[in-house]
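Summary of the model geometry
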Amino acid sequence: MGHYHVCVYAICKNEAPFVDRWLESMKEADSIVVLDTGSTDDTVERLERGGARVTQEIISPWRFDTARNRSLELVPPEADICVCTDLDEQFHPGWRALLEAAWGPGVGQATYRYTWNFNPDGSEGVVFWYEKIHAPGLYRWVHPVHEVLEYTGSAPRPRTVRVEGMQLDHHADPQKSRSQYLPLLELSVAENPQDDRNLHYLGREYLFHRRWDDAITVLKRHLALPTATWADERCASMRFLSQCYRAKGEIRQAENWLLRAAAEAPWLREPWAELAGFFWSQQEYEGTVWAARRCLAIAARPESYICSAEAWGALPWDLLSLGLWYTGQKAEAIDACRHASGLAPADSRIAGNLRWMQEHL
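Note that the coordinates shown come from a computational prediction; the quantities given were computed from them, not determined experimentally.

Cut-offs applied
- Residues numbered from 1 in each chain as written.
- Predicted model: local features only at pLDDT ≥ 70, side-chain atom pairs only at ≥ 80, totals over all residues.
- Heavy atoms only, no water.
- Helix = DSSP H or I, 4+ residues; strand = E, 2+ residues; numbered from the N terminus.
- Buried < 20%, exposed > 50% of the residue type's maximum accessible area, 1.4 Å probe, protein only.
- Contact = heavy atoms within 4.5 Å.
- Areas by Shrake-Rupley, 256 points an atom, 1.4 Å probe, with all protein chains shown as cover.
- Lys, Arg positive; Asp, Glu negative; His and termini not counted.
- Charge placed at Lys NZ, Arg CZ, Asp CG, Glu CD.
- Pairing = 2+ DSSP bridges.
- Axes fitted to C-alpha atoms, helices over the stretch in contact; angles between N-to-C directions.
- Salt bridge = Lys/Arg side-chain N within 4 Å of Asp/Glu carboxyl O.
- Arc of directions from axis to C-beta.
- Core = buried A, V, L, I, M, F, W, Y, C linked by side-chain atoms within 4.5 Å.
- Phe/Tyr/Trp six-rings, centres within 6.5 Å; stacked < 30°, edge-to-face > 60°.
- Lys NZ or Arg CZ within 6 Å of the ring centre and 35° of its normal.
- Parallel < 35°, antiparallel > 145°, perpendicular 65-115°, else oblique.
- Left-handed = near helix turned anticlockwise from the far one by under 90°.
- Expected span 1.5 Å × (residues − 1).

Of the regular secondary structure elements, the protein chain holds 14 helices and 10 strands. For the C-alpha atoms alone, the extent of the protein chain along its principal axes is close to 70 × 40 × 40 Å. Put simply, the protein chain has 361 residues, and 53% of those count as buried. Of the contacts made within the protein chain by residues no fewer than 6 positions apart, 65% connect residues no fewer than 24 positions apart. About 16,700 Å² of surface is accessible on the protein chain, with carbon and sulfur atoms providing 51% of the total. The positive charge centre, built from 38 side chains, and the negative charge centre, built from 50, are 4 Å apart in the protein chain.

Put into structure tokens, the structure is as follows:
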């Protein structure tokens, strides 16, 4: 294992509540540089007091890729490994030793486990593998929002290493607004209308804003692109289309897109969980059981961001228990309900269902 100069770099604005926890997590690095984009609280003072080197600069017009690239310019020339994080994230202790052990000649990026959010009970929600650690001088950030690293070198792309045991947790500020995301995504698609990932993100954002028809149009554009070949993301677009049609009251279209989603990526739990829920809502109980069993038969959680906390929590067992009960398989229904209750012990509805089933067996 070699010793490398590891530099953490970040952007921030008005994130004083997160500073101390973030600095404690990042202290294993050799240097910490931060671009502050206009804080009006004591974020800068806290960072500097904790040893970070802070540069203040307004980015106008605002774009995440511009801000990230400016913060990357602050990384000292002696850095061997650049680690990009946000102030509402924290590494588990020991991350630096794991990173150095995995790094080596010819490495350009490192991937590590990332918990994007947590459930109300504190358990992990959406989990995937991230790759915001990279070698200096070979990458730049692209896209106004949902920015990603793009390789800029002339030689063949360096290899990426997987850092087992390295864990970054995201503890988002629930008060932070998403209002800037939609116009930035629209700008991103306008700049590169053939970028399949941005179209998918824009369709999802329209869904969040309940703009059903706009979401349907954009998601279908995503699916029609010849570059949109990643089945997991195509499956997600199909699930979002189903949600839009269901919101519009077009039930058969909603069912059709869910069935297509399950066929597109049958190795994912998410389409099966949504399909089980759809059948339950239509009082199609045998379909509920079938889809819930297909969901639960998938044991390997995906390492991409295409996953949901619900599909990997109590929901499939809950739906299975209901479907089994209404198809007369009552003993199995109670067993499934126990599983659901074990995964969501604070859920009073599931606990009530279990008591009711036991009393009426």
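Back to the text.
This part takes up the sheet that holds strand E5 (residues 89-91). Reading across from one edge, E3-E2-E1-E4-E7-E6-E10-E5 is the order of the 8 strands in this open sheet, with mixed pairing throughout. The open sheet has two edge strands with one neighbour each: strand E3 (53-56) and E5. The mean inter-strand angle of the sheet, taken between neighbouring strand axes irrespective of direction, is 35°. Here E5 pairs with strand E10 (residues 159-170) via 3 bridges, running antiparallel. In the sheet register, Phe91 faces E10, and the bridge partner there is Leu168.

Across the two faces of strand E4 (residues 81-84) the burial is the same, with Ile81 and Val83 and Cys82 and Cys84 all buried. For strand E1 (residues 6-12) and E4, the ladder comprises 4 bridges, and the chain directions are parallel. Bridged to Tyr9 within E4 is Cys84. When E4 meets strand E7 (residues 127-134), the two strands line up antiparallel, connected through 2 bridges. Counterpart to Cys82 in the pairing with E7 is His134.

Taken as a whole, this structure holds 25 salt bridges when the rule is applied. With a shortest N-O distance of 2.8 Å, Glu124 and Arg113 are connected by a salt bridge. With Glu124 in the loop between strand E6 (107-115) and E7 and Arg113 in strand E6, this pair connects stretches of sequence that are 11 residues apart. Overall, the relative accessible area of 32% leaves Glu124 in the partly exposed class. Here Arg162 makes a salt bridge to Glu303, at a shortest N to O gap of 2.6 Å. Taken together, the residues span a long stretch of sequence, with Arg162 in strand E10 and Glu303 in the loop between helix H11 (285-296) and helix H12 (315-326) at a distance of 141 residues.

We now examine helix H1 (residues 16-26). Taken together, the buried positions of H1 are occupied by Ala16, Phe18, Val19, Trp22, Leu23, Ser25 and Met26. The buried residues of H1 occupy one face: seen down the axis, they fall within an arc of 155°. Against the buried residues of H1 lie E1, strand E2 (31-36), helix H2 (43-49), E5, helix H4 (95-102) and E10.

So, on to the nonpolar core. Counting residues in each nonpolar core, the largest one holds 118 residues, and the members touching the most others are Trp22, Leu47, Val83, Trp95, Leu99, Trp103 and Ile133. Apart from residues lying up to four places away in sequence, Val83 is in contact with Val6, Cys7, Val8, Tyr9, Phe91, Trp95, Leu99, Lys132 and Ile133.

This part is about the packing of aromatic side chains. What the rule picks out here adds up to 19 aromatic pairs. Aromatic pair Tyr114 and Phe128: ring centres 5.4 Å apart, planes at 70°, arrangement edge-to-face. With a gap of 14 residues between them, Tyr114 in strand E6 and Phe128 in strand E7 connect regions that are remote in the sequence. The pair Tyr114 / Phe128 is uniform in exposure class, with both members buried. With a centroid separation of 6.5 Å and an interplanar angle of 50°, the aromatic rings of Phe279 and Trp290 are classed as tilted. Residue Phe279 is found in helix H10 (residues 269-281), and its partner Trp290 is found in helix H11; the two are separated by 11 residues along the sequence. In textbook terms, an aromatic cluster arises when at least three aromatic residues are bridged by ring pairs, as seen for Phe91, Trp95, Tyr112, Tyr114, Phe128, Tyr130, Tyr201, Trp230 and Tyr305. Lying over the aromatic face of Trp129, Arg162 brings its terminal NZ or CZ to 3.8 Å of the ring centre. Looking at Arg269, its charged tip hangs above the ring of Trp312, at a distance of 4.0 Å from the centre.

For the pair helix H6 (residues 196-208) and helix H8 (residues 231-247), the least separation of the axes is 10 Å and the interaxial angle reads 25°. Taken together, H6 and H8 sit at an angle that is classed as roughly parallel. In this structure, H6 meets H8 at a crossing whose hand is left-handed. Mapping the contact onto sequence places Asp196, Arg197, His200, Arg204 and Leu207 in H6 and Glu233, Ala236, Ser237, Phe240, Gln243 and Cys244 in H8.

On to helix H9 (residues 251-264), then. Taking 1.5 Å as the rise per residue, H9 with 14 residues should run 20 Å; its terminal C-alpha atoms sit 20 Å apart, in good agreement. Of the positions making up H9, those classed as buried are Ala254, Glu255, Trp257, Leu258, Ala261 and Ala262. The arc that holds the buried residues of H9, viewed along the axis, is 165°, so those residues lie on one side. Summarising the geometry of H9, the exposed residues directed more than 90 degrees from the buried face are Arg252 and Ala263. Against the buried residues of H9 lie helix H7 (212-224), H8 and H10.

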